[in-house]
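What follows is each chain in one-letter form.
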Amino acid sequence: MSRKMHSANLVDTWSSCFKCPLCGSPVRVDGHASLVCSKHHAFDFSKHGYLNLLTRPVVGKYGKSLFEARHHLITESSLYRPLHKALRDVILKDAPEPASPWMMADLGCGEGSHLQSVLKACGLPQVTGLGLDISKEGITLAAKRYEGSIWLVGDLAGLPLADQSCRVLLNILSPANYKEFTRILKQDGSIVKVVPGPGYLKELRQALHGDNEKRNYSNEHTIDLFCRHFDRLDTIQLNYRQRLSGAELQLLASMTPLAWSADPERLWDYVRQESAWVTVELDILVGKSRRTGRK
């Protein structure tokens, strides 16, 4: 079975969780070729199996080389392994019983490696993963590598998902749209957002930007915004260090916007090291939909 047909079958199984991004109407899969709404708007499956559900042209800053570097660093190094284990523990703690099918969506998924790592760590066969990103390059790579999930090119500002369609929402080191997240989250579902802490990649910040303002970061505003939209049940703080090889440092520099405006000499000095320690400081925010009547 081709990737296109396999993806069409999977989307068909979950078609009630989708809506037309143009008019909001219900959709169905037509002949393993397209997603079609009741008002005849149609979106074709790509040969790799993803759906492009954007309704406007988008020019992104993130290109194929960035997503390739991200994939290799996430899947081949141990840099984010503690994060994936922590996310697994959060999800398994709140997994519904009995084990009926449910959907886990990673919104702003990039090339899909975080979602796939979390799904693998959870080991829940009843869960279908859905990854959405505005970058066609990222979703193309995800669809090529990971056949068991649904991959969408889409906009966080207008998600092509039905109301209360997702049991778990992941938002990992990515922008958010809480109005849309609230709409698509099941009433008893969970949202899990990962935000960088002040010490996240501090060695890289120091090496590339010295004493200027790019060295400093606070996540207080991000956390406050999350708490304004959801009942925060827990905050899990991760703070650890990993030693990366020279090749892994090059991948790190290739995948982070911190390097975009860096002095070329500083960047070269950083990536040519044989190895270096990197700090990962993250806050995992776990929330539920606000209870009725609460502001």
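Note that the coordinates shown come from a computational prediction; the quantities given were computed from them, not determined experimentally. Sequence order as written defines residue numbering, which begins from 1 separately in each chain. The model is predicted, so local features are restricted to residues of pLDDT at least 70 and side-chain atom pairs to those at 80 or more, both for listing and for counting; the totals for chains, interfaces and linings are taken over all residues. Here the side-chain values reflect all heavy atoms present in the structure, with hydrogen atoms and water set aside.

Draft legend 1. Looking closely at the pattern of salt bridges. For salt bridges, the criterion is a side-chain nitrogen of Lys or Arg within 4 Å of an Asp or Glu carboxyl oxygen. Taken as a whole and judged by the stated rule, the model has 13 salt bridges. Here arginine 28 makes a salt bridge to aspartate 30, at a shortest N to O gap of 3.8 Å. Here aspartate 269 makes a salt bridge to arginine 272, at a shortest N to O gap of 3.0 Å. For arginine 272, a relative accessible area of 51% puts it in the exposed group. Because the salt bridges share partners, they merge into one network encompassing Asp94, Arg167 and Lys288. Burial here depends on accessible area, computed with a 1.4 Å probe over protein chains only, as a share of the maximum for the residue type. Under 20% is buried, over 50% is exposed, and the range in between is partly exposed.

Draft legend 2. Expanded view of the pairing of strand E7 (residues 150-153). Helix numbers and strand numbers start at the N terminus; a helix is a DSSP run of H or I with at least 4 residues, a strand a run of E with at least 2. A two-sided burial pattern is seen for E7, the buried positions comprising Ile150 and Leu152 on one face and Trp151 and Val153 on the other. Two elements, strand E4 (residues 51-52) and E7, share two bridges in a ladder whose sense is parallel. Residue pairing for E7: leucine 51 is matched across the bridge by leucine 152. Pairing between strands is defined by DSSP: at least two bridges between them are needed. Judged from the four bridges that link them, strand E6 (residues 127-133) and E7 form a sheet pairing that is parallel. The partner of aspartate 133 across the bridge, within E7, is valine 153. Look down the strands so they point away from you; if going from the first strand over the helix to the second traces a clockwise path, that crossover is right-handed. Traced from E6 through helix H5 (residues 136-145) to E7, the parallel crossover comes out right-handed.

Draft legend 3. Spotlight on the nonpolar core. Remark: nonpolar core denotes a set of buried residues (Ala, Val, Leu, Ile, Met, Phe, Trp, Tyr, Cys) joined through side-chain atoms within 4.5 Å. Leu83, Met104, Trp151, Leu170, Leu252 and Ile284 are the most contacted members of the largest nonpolar core, which totals 54 residues. The leading source of residues in this core is strand E11 (residues 275-289), at six residues.

Draft legend 4. Structural detail: the sheet that holds E7. Taken together, eight strands build an open sheet; the order of strands is E4-E7-E6-E5-E8-E9-E11-E10 and the sheet is mixed. Of all strands in the sheet, those with a lone pairing partner are E4 and strand E10 (230-245), marking the two edges. In the sheet, strand E9 (residues 185-196) pairs with E11 via six bridges, with the strands oriented antiparallel. Within E11, the residue paired with proline 196 across the bridge is leucine 282. Any two residues having at least one pair of non-hydrogen atoms within 4.5 Å are treated as being in contact. Think of each axis as a best-fit line through the C-alpha atoms, taken over the contacting stretch in the case of a helix, with angles from 0 to 180 degrees between the N-to-C directions. Sheet contacts for helix H8 (residues 220-229): E9, E10 and E11; angle to E10, the most-contacted strand, approximately 150°.

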